Amino acid sequence: MSEVIVVTSGKGGVGKTTVTANIGCGLAMLGYKVVLVDADTGLRNLDVVLGMENRIVFDLTDVIEEKCRLRQALIKDRRFEELFMLPTAQTKDKSAVTPKDMQNICAQLREHFDYVIIDSPAGIEQGFQSAVAGAEKAIVVTVPEVAAVRDADRVVGLLEAKAEIHDPKLIVNRLRVQMVQRGDMMTLEDMHDILGLELLGVIPDDERVVVATNRGEPVVTDEDSISGRAFKDIVRRMLGEPVPLMNLENREGFLNRLRKIIGLG
Amino acid sequence: MVLDFLARLLGRESPGSKNVAKERLRLVLVHDRADVSPQLLQLLKNDMVEVISKYMEIDEKGLDVSLERDDNRVALVASIPVKRMKRVANLA
């Protein structure tokens, strides 16, 4: 049974590509056959996050225009045997890939892979509509900010109306625990209240993500990082394991400890 | 300044900005989601007619249901001409 999942957000810059790369790697680390599809035509990014940017020969639009076979456009990961990426074109625009094209590509890919994960472009225009066309499930990524949560809500409505994808799962990215603790950032409960989506996981704001991206190595491969562990938990939840949310509150700072010591915590 | 710092240290600062964020989001989403399709509004009208008809006879043709918005709220406004009230005795 294969699954086709689109990772989307509405607002740009919330970490769709990072989430796609890490979930894909996480699943491949457990031995699943995974293909990641970059659907952000014209603003290709998944290749650099995965460190595959120098190995692209053909892309999604070449497959659509029948300049090559699908198999020829797939790039194999060097770390994980069963992880592949289908890049998109950097020189064309989002109209180069239609919803029908994506449905065809996804239908072909799912015959060979356990997971097809699509990195959607920001926005809700044609690029988004193509990206979601071949998917049956969705992950909505947001950050704990008003604009991003608002756009996430809009995307949830569009997923239902345009793609008949119901009950997408939510990933909250870049949560800053100390800001939450002092009441300056929305909590997971707040976002659940507002959006009413099942929470697939939370990624704490972590410099290691930037370092990992700099190197083209998804942070999920970094055993020591808290964000890497958060991604591993997300992957296990995707597989149906009831993994409790990480207790981020333990990583409290000096002031909180002091407050507790003097009886104000 | 010093007092501010002490208040922070002791955890007695004023409630953080997240409540502001949450309240603003709640409102903006009411507006966003109120962009309902005519079909949905028609379904709502049908249900309303059904319920209200249990209590009074109404003029369905004169029925008007819409969502009205102003800065900080969205209201469902319905104008429903009543032709005749049913006898209270007839209601269970």
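Since we're looking at a predicted model, the values are computed, not measured.

S.K.: Break down the overall build of chain A for me, with residues and values.
M.R.: The secondary structure content of chain A amounts to 12 helices and eight strands. Computed over its C-alpha atoms, the radius of gyration of chain A comes to 19 Å, within 12% of the 18 Å expected for a compact globule of 265 residues. Along the longest, intermediate and shortest principal axes, the C-alpha atoms of chain A span 70 × 40 × 35 Å. Residues classed as buried in chain A amount to 48% of the 265 residues present. Taking all contacts inside chain A whose residues are at least 6 apart in sequence as the whole, residues at least 24 apart take part in 75%.

S.K.: So what's going on with the confidence of the model for chain B? Which residues, and what values?
M.R.: All names here are of chain B. Per-residue confidence for chain B averages 80 on the pLDDT scale, and 77% of its residues sit at or above 70. Confidence, read as mean pLDDT per element, is least for helix α1 (residues 2-9) in chain B (57) and greatest for strand β1 (residues 56-58) (91). Here the predicted complex carries an ipTM of 0.76, next to a pTM of 0.81.

S.K.: Give a detailed account of the pairing of strand β7 (residues 169-175) of chain A, specifying residues and quantitative values.
M.R.: Residues and elements named next belong to chain A. Of all seven residues in β7, six are buried, a share of seventy percent or more. Relative to β7, strand β6 (residues 137-142) runs parallel, the two being bridged by four bridges. Pairing of Val-141 across the sheet is with Ile-171, part of β7. Pairing geometry for β7 and strand β8 (residues 198-204), over five bridges, is parallel. Along β8, the bridge assignment pairs Ile-171 with Gly-201.

S.K.: Give a description of helix α3 (residues 38-52) of chain B that names residues and reports values.
M.R.: For α3(B), with 15 residues, the first-to-last C-alpha span of 21 Å sits near the 21 Å given by 1.5 Å per residue. With zero of its 15 residues buried, α3(B) lies for the most part at the surface.

S.K.: So what's going on with the nonpolar core? Residues and values would help.
M.R.: Residues and elements named next belong to chain A. If you look at the biggest cluster of nonpolar residues, it comprises 83 residues, and the most contacted ones within it are Val-34 and Val-116. Here this core takes seven residues from helix α7 (residues 146-163), the largest share from any one element. Excluding residues that lie within four positions of it along the chain, Val-34 makes contacts with Gly-24, Leu-27, Ala-28, Glu-82, Leu-83, Phe-113, Asp-114, Tyr-115 and Ile-117.

The rules behind the values
- Residues numbered from 1 in each chain as written.
- Chains lettered and ligands numbered in written order.
- Predicted model: local features only at pLDDT ≥ 70, side-chain atom pairs only at ≥ 80, totals over all residues.
- Helix = DSSP H or I, 4+ residues; strand = E, 2+ residues; numbered from the N terminus.
- Rg over C-alpha atoms; globule rule 2.2 N^0.38 Å.
- Buried ≥ 20, exposed ≤ 12 C-beta atoms within 10 Å, placed from the backbone.
- Contact = placed C-beta atoms within 7 Å.
- pLDDT = per-residue confidence, 0-100.
- Pairing = 2+ DSSP bridges.
- Expected span 1.5 Å × (residues − 1).
- Core = buried A, V, L, I, M, F, W, Y, C linked by C-beta atoms within 7 Å.

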